[in-house]
Structure formats: structure tokens, C-alpha cells
Amino acid sequence: MPLSRLNPEQREAATAPFGHNLIIASAGTGKTSTIVGRIAYLLQKGVPPEKILLLTFTNKAAGEMVTRLKHYFPAQIVDRIEAGTFHAVCYRWLKTRLPQATLKQPGELKTLFRSVYEKRDMKRVGYDVKPFSSTYLYELYQLYQNAALGSFDEWFLERCPEQEVWMDIYVDICDEFERTKEEYGFLSFNDLLLQVKKRLEEGERIPFQEVLVDEYQDTNTLQGALIDALEPASLFCVGDYDQSIYAFNGANIANIATFTERYPDARVYTLRTNYRSGAAILALANRVIQRNERIYPKELIVGKSGKNHPPKLLVFEELFEQYQGIASQIAESATPHTYTAVIFRNNASADGIEASLRERGIPCRRKGGTSFFEAKEVKFLLDLASLLVNPRDMMAFIHIFEYGRGIGTALAKEIFQCLMHFGEGDLRRGLLRPAITTLPKLNPNKNTQLGLFDDDLEIGSVTRFAQIEMEEEIRAHPLLKHPRLNQDSLRFFIKFYRFYRSIDRSQRPATILRKAIASPLYQEIVDQLSAQRGRLKSGEIDEEKRELARERILRKARLLTDLASHYREMSRFVNAMILGGGEMSEGEGVNLLTVHASKGLEFEDVYVIDLMDGRFPNRKLMERTGSMEEERRLFYVAVTRAKSRLFLSMAKYDRVKKIDFKPSPFLAEAGLVREENASLLTEPV
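In this report, we go over the structure that sits alongside the text. Note that the structure is a prediction, hence the values are computed from the model and not measured.

Examining helix 11 (residues 221-230)
In step 1: Where burial is concerned, most of helix 11 is hidden: nine out of the 10 residues are buried.
In step 2: The backbone nitrogen of Leu222 has a side-chain oxygen 3.0 Å away, supplied by the residue at the start of helix 11, namely Asn220.
In step 3: Glu231 lies just past helix 11 and shows a positive phi near 50 degrees.

Thoughts on the sheet that holds strand 16 (residues 642-651)
Pairing between the strands of a sheet is mediated by backbone hydrogen bonds and can be parallel or antiparallel.
In step 1: Spatial strand order, 11-16-15-12-14-13: six strands in an open sheet with parallel pairing. Of all strands in the sheet, those with a lone pairing partner are strand 11 (312-316) and strand 13 (364-367), marking the two edges. Averaged over all adjacent pairs, the angle separating strand axes in this sheet is 20 degrees, with direction ignored.
In step 2: In this structure, strand 15 (residues 603-608) lies alongside strand 16, joined through five bridges in parallel fashion. Each residue of the ladder has a partner; that of Val608, found in strand 16, is Leu648.

Some words on the packing of aromatic side chains
In step 1: One pass over the full model with this rule turns up 35 aromatic pairs.
In step 2: Where Phe132 meets Phe156, the ring centres are 6.0 Å apart and the plane angle is 70 degrees; that geometry is what we call edge-to-face. Taken together, the residues Phe132 in the loop between helix 6 (106-117) and helix 7 (134-147) and Phe156 in helix 8 (residues 152-159) connect sequence positions 24 residues apart.
In step 3: For Phe132, a relative accessible area of 15% translates into the label buried.
In step 4: Judged by relative accessible area, Phe156 falls into the buried class, the value being 1%.
In step 5: Centre to centre, the rings of Tyr184 and Phe416 are 5.9 Å apart; their planes meet at 65 degrees, and the pair counts as edge-to-face. Placement of the pair is Tyr184 in helix 9 (residues 167-184) and Phe416 in helix 19 (residues 409-422), with a sequence separation of 232 residues. Phe416 shares its class with Tyr184; the two are buried.
In step 6: Joined through ring pairs, the aromatic side chains of Phe113, Phe132, Tyr136, Tyr138, Tyr141, Tyr144, Phe152, Trp155, Phe156, Tyr170 and Phe177 make up one cluster.
In step 7: Geometry around Phe18 places Arg38 over its ring, the cationic atom sitting 5.7 Å from the centre.

A word on the pattern of salt bridges
In step 1: Summed over the entire model, instances satisfying the criterion amount to 46 salt bridges.
In step 2: Residues Glu602 and Arg276 are paired through a salt bridge, measuring 3.0 Å at the closest nitrogen-oxygen approach. One end of the pair, Glu602, is in the loop between helix 27 (595-598) and strand 15; the other, Arg276, is in the loop between strand 9 (273-274) and helix 14 (279-289), and 326 residues separate them in sequence.
In step 3: When its relative accessible area of 41% is taken as the criterion, Glu602 is described as partly exposed.
In step 4: Given the relative accessible area of 10%, Arg276 is considered buried.
In step 5: Glu602 is paired through a salt bridge with Lys643; the nearest N and O atoms lie 3.7 Å apart. With a gap of 41 residues between them, Glu602 in the loop between helix 27 and strand 15 and Lys643 in strand 16 connect regions that are remote in the sequence.
In step 6: On the basis of relative accessibility, which here comes to 23%, the residue Lys643 falls in the partly exposed class.
In step 7: Each of Lys31, Asp214, Glu215, Asp218 and Lys599 takes part in salt bridges that share partners, so that together they form one network.

Cut-offs applied
- All residue numbers refer to position in the chain's written sequence, counted from 1.
- For a predicted model such as this one, the threshold for reporting local features is a pLDDT of at least 70, and the threshold for listing and counting side-chain atom pairs is 80 or more; totals across whole chains, interfaces and linings nevertheless cover every residue.
- Excluded from the side-chain calculations are hydrogens and water; all other atoms, namely the structure's heavy atoms, are used.
- Any residue under 20% of the maximum accessible area for its type is buried, any over 50% is exposed, and the rest in between are partly exposed; the area is computed with a 1.4 Å probe on protein chains only.
- A run of DSSP states H or I qualifies as a helix once it reaches four residues; a run of E qualifies as a strand once it reaches two. Both are numbered from the N-terminal end.
- N or O atoms within 3.5 Å of each other form a polar contact, as long as, within protein, one can give a hydrogen and the other can take it, and as long as residues adjacent in sequence are counted only when both atoms are side-chain atoms.
- Between any two strands, pairing holds if DSSP finds at least two bridges.
- Axis angles are defined between N-to-C directions and span 0 to 180 degrees, where every axis is a line fitted to C-alpha atoms and, for a helix, only to the segment in contact.
- Pairing of aromatic rings covers Phe, Tyr and Trp, the last through its six-membered ring, and needs centres within 6.5 Å; plane angles under 30 degrees mean stacked, over 60 mean edge-to-face, and all others mean tilted.
- Note on criteria: charge over ring means Lys NZ or Arg CZ within 6 Å of the ring centre, with the direction from the centre no more than 35 degrees off the ring normal.
- We define a salt bridge as a contact between a side-chain nitrogen of Lys or Arg and a carboxyl oxygen of Asp or Glu at a distance within 4 Å.

In C-alpha cells, the structure reads:
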């Protein structure tokens, strides 16, 4: 059984009495085995599996634990355990209570937010303070939902008091954003948690006997409040305050730091034996992280036998020489590429190392940058699919139509509202068979005090499109009366209309996607994106680069079609892509990872690069939202990914920007450079 495989520290934690238990699971100490052991213990004690809730930060982590449990218990028992991410668990619970709601991705909601923002006059005379952009305001609003429980204006003004002159408009934008989401049945990822929390606080109950929380140090204020609202009879939280690195995303280290204060009966267990890294690597990690305040006393001890490789400092004269030197070392290493990782603090560091590896023919894969599902060419196809699942999905429609020349967010929204009006609430009918032929009044609630533009529509003449070839049913379409529609935007509408007509009877997701990829509508998106990616700094288009971009776009489109072939229903396909998309990847080779993307992973050889003051720690981010303690935790996470060999790398000079670098203070704290003046203890490579 799982318990028999645990060491004494792990077993003591896994068999803790019911109540409030906090397990400090340091890097490589076997937290997953401990959680699996705990669930096995609960089942052995007679706790019904459906009374157990396991909350994780990735569906992959939940799946791994469930798979391990099936080695010891029948699948029909294990499958009754409620396991998954906070969002996935809340989604499953809400979908029977809110059957008409549609889960939307952050990018889509950002588009909706922008359409609301753009209705305001943000260039007011007499306002000396420049307003935040729609994107930045949206990101602040999302951070507020994750990180605060009070009112938005109080939270906002505490952070940005100089923006007070815009506060009424900001609040009104957020209020209209929420009203629009409610009107169309849209849910954000935050809304999943907020809705469940609200229902629990209003008296609905989910009677779990024990709630287990993985990566507890990464929970934000909202997630912490949701856990409290569940009011479980027993709570089993596993985490490590030294690996709390998501403050920028709302993670609240106070959740783990104040655990014993909030639960006076709490018991704290510490897993100290590290089975991942060698003694020298652990000694370096301990030396650095002990500079941070010790919330709960701990120190990693070695549980791994075998050869002990001391960490090595690599010093290069010039920045790009660093990347080329590391590529050379990887090329000469006997360690398989898949078991090698290059870890960096900032995404910009990845370009040089990726170019150097590719130059040597070494395969590599990047994680922590733009994911497959965030690529514009993939997102466009998913928006088409989302619109077919939910024809009321205004955000998907706006995102699609923003690609049309001469169509911005505001006009795209108006076109959507027109089509819904023509179809009496049915988008497909309003597009293909309009029942109403008059334009709607699009701005009935004008309010100049809140910055709303005052611009009623006037009917335009259809004769202005006489030169455009189109079917008679399109020429007779009432949308052509819209005064802001021009020839370019009409051409895009025609392509959209013809695509919709071509799939009128299609059902299979893969079939619909193949038709979409072959359509002139998608061809226009491919042309736009490949031209953008093939454009040189001079403004000219490199045809070879554009053709390569086109091939990559179509390859991603084909991959999405392959994924769709496993689904019969478009709704299941779309929901699977939205909930699981961020965790899927492709390719193999040397792993190029941001520190955040490396968390939870381990590799035989790890190179932590660009360890220069200003880059790691990132001084600019520290000034905005971070701290030296957070940067030190990032360094700790990076170095503890290494199992056998750890290489810490820096350069002395950047010849492009003509910048001299000093060693990172973490190198001094690690004992690799002299701390008094951060001078090198070794000669450059």
C-alpha cells in the first residue's frame, strides 16, 4: 500500500489526525507520495471517496495522483474522488446549476473589456493624469478579484492614488463589463470561484469530510476564502513557503504563513529529506534561501546517494558568448537533451540560447512563453468553434471580426448586436435568414458624465457597395445599411457569411475545422499573420520568412484538427481546449524554461543563465510588484530543479547595449563570488 512506501516523516504526515494539518514539503521531498498516502489512509479509515476533495494547480498533477491510487484501489472507487484544479472542480459543480453559462478565456474577456472601455471618452480636457490603457486596467481588475475581498475602488486607490480623477469611469467600466458578462452568460476563471464561494456563503453545502490542497503556498486570497467557505471537517494543506513565486499573479504567501494563527488547533509537519538533488546542490540552496525570513524552521537534508557534483559557476566575457558557450557544453554533454534544462528569469533570455542551440542542430522546446493555444492562428479557430457552440458568444465574434480591415472592437460589437437583432436573438438566423430588416438602436443609455460617446446611427446607402461581387442574399442583407460598414469590412463579412453557410449541416469538430482552414476567411488570417511575422525591421517583407511563418501557422492548424478528431461534439471539444489547453505542449529536446515554468519539474543537468544583477534578480520587476525575498525564492526554485549537475552562468558585458554587468547577489550568497564587492572568484570561461 502507499503508506508502506513512505519514510517516517512522510508517514507521520499522511496519518495525521483529522483536523487542520499543514505539511511543509520542501523541494524534492516527496509531496506527491505523501498526498497519495494521505488519501489511501482516508479510504482505509472508511471515508467515502466522494467525500474527499483534492485541489491542485494543474489537472496533470491531479491525474498523476489519481493514477497512482488506482494501483492500490479499484478504479470505480478512485474515480469517485473529486480531484482537479480549483477552476475545474468549480466548473463541474456549477455546470448543472448554470447550464447556460459559457466559460471564456482571459484573452476573450480582455477583448470584451476593451469594447466597453472604448465607449468612454478617455481624452478629457483638464485631466493632467493620463488614464491607464484598457489592457492594464483589465489586468488590475483581475488581480483585484484574486487578491482582495473589499471594494475595487478602495483597493485600486490604495495602489494607484494618482488615478483618482478617473476612478468613477473605471468603476463604471468594470460594472458594465460585469453586467455584459451576466447578460450573455459568460464566466471568467475567477467567476467560477466567485460563484461557488457566493453560493456556499448563501447556505449551499458541499459536505466534504476532508479537503486536500496541493501547492498551498501558491493559493491567492480568493482561493483561500473559497477553502474557508467549504468548511471541511478536515483540512490537509501541502506546500513550501520557500517556493511561493506567484505574487505577481495574486498568490498570497500569508495563507501559508498565518496557517497556525487562523487555525489554533493546527498541526505542522515538515518533510526535510530531499531525494532529488546531490549534497552540494542542496547546500548551495540552503545557504541562499536562509537569507529570507524563516516562517517555519527547516533545512533540507540529503536522501540521495551516488556521485556528488559540486555546482559550477560559468563566467563569460560577453552576453551572446554565454549562450554559445552553454550550447557548446550541452552539445558535448553525454546527458540526453530531454533531461537537460536551461532556466532563466526573463523570457528575453531564451532567444539567444535558442538560436545558439538551433545553430548547432540541437533540438529544444520553449515553455513559459506563448503557448500553443494562445497562438493567434489557433485562437481564431477556437473562437469560430466557440461561436458555433454558443451563438450568443459576443466575445468570440468580436475577436474574429477584429481581423477584418477597418473593423475595430467597437464596430465588431455593433455588427454582433445587429445580427442578434436581425435574428430576434438567434445569431445564425440573423446572419443567414434575417427576420428583421431595420437597424437597432445601439446606444440607448447615453451618459456623457461617465464618458459615453453620443453617436446614434444613421442608415447608410447600400449602393456604395455596387462594385463588390456578392450573392443576392448578401446584397439584400440589412447589415449593409450600417453607415460604418465600408468595402473592406463588407468583404470580411462576406467571407464569414460564406463560411457559416458552408458548415450549416456539419456536426463533427474535425470536419468543421477542416472547412474553416480551407476557407477564404481563414486564408485571410493566415495571410495577415504570415506577413506580420515575415516583416523585417525596415518594413519590407522577407518572402522566405513569410513562407516559413505560413508553414508553421498551418502546422498548428492541422494539430488542432488532430486534437478535434477525438471529439464527436463541438461543445466537449471547446471546453476541453479551454480548461486543458494551457497544459498541453509539443516537441522535444533541451528544455528552455522560465523559472515559473520550471516549478515542479526536475532534470539531470540544469543551467541557470543570465545571473547578473538587474537580470536575476530582476530589479525593474522588484520596483513594481516584487521584492528581493521573492526573487530569492525564484533562485531557490531554479537551482533545486537540478538532480545531478548544476551550472550557474553569467556574462560580464553586453556589446549590443554596451552594458557592463555585475554578478547577481545570489552568487555571493551562494559563496561563488566575493560578497563584499561581488567580485569574481573565478576567471571567465
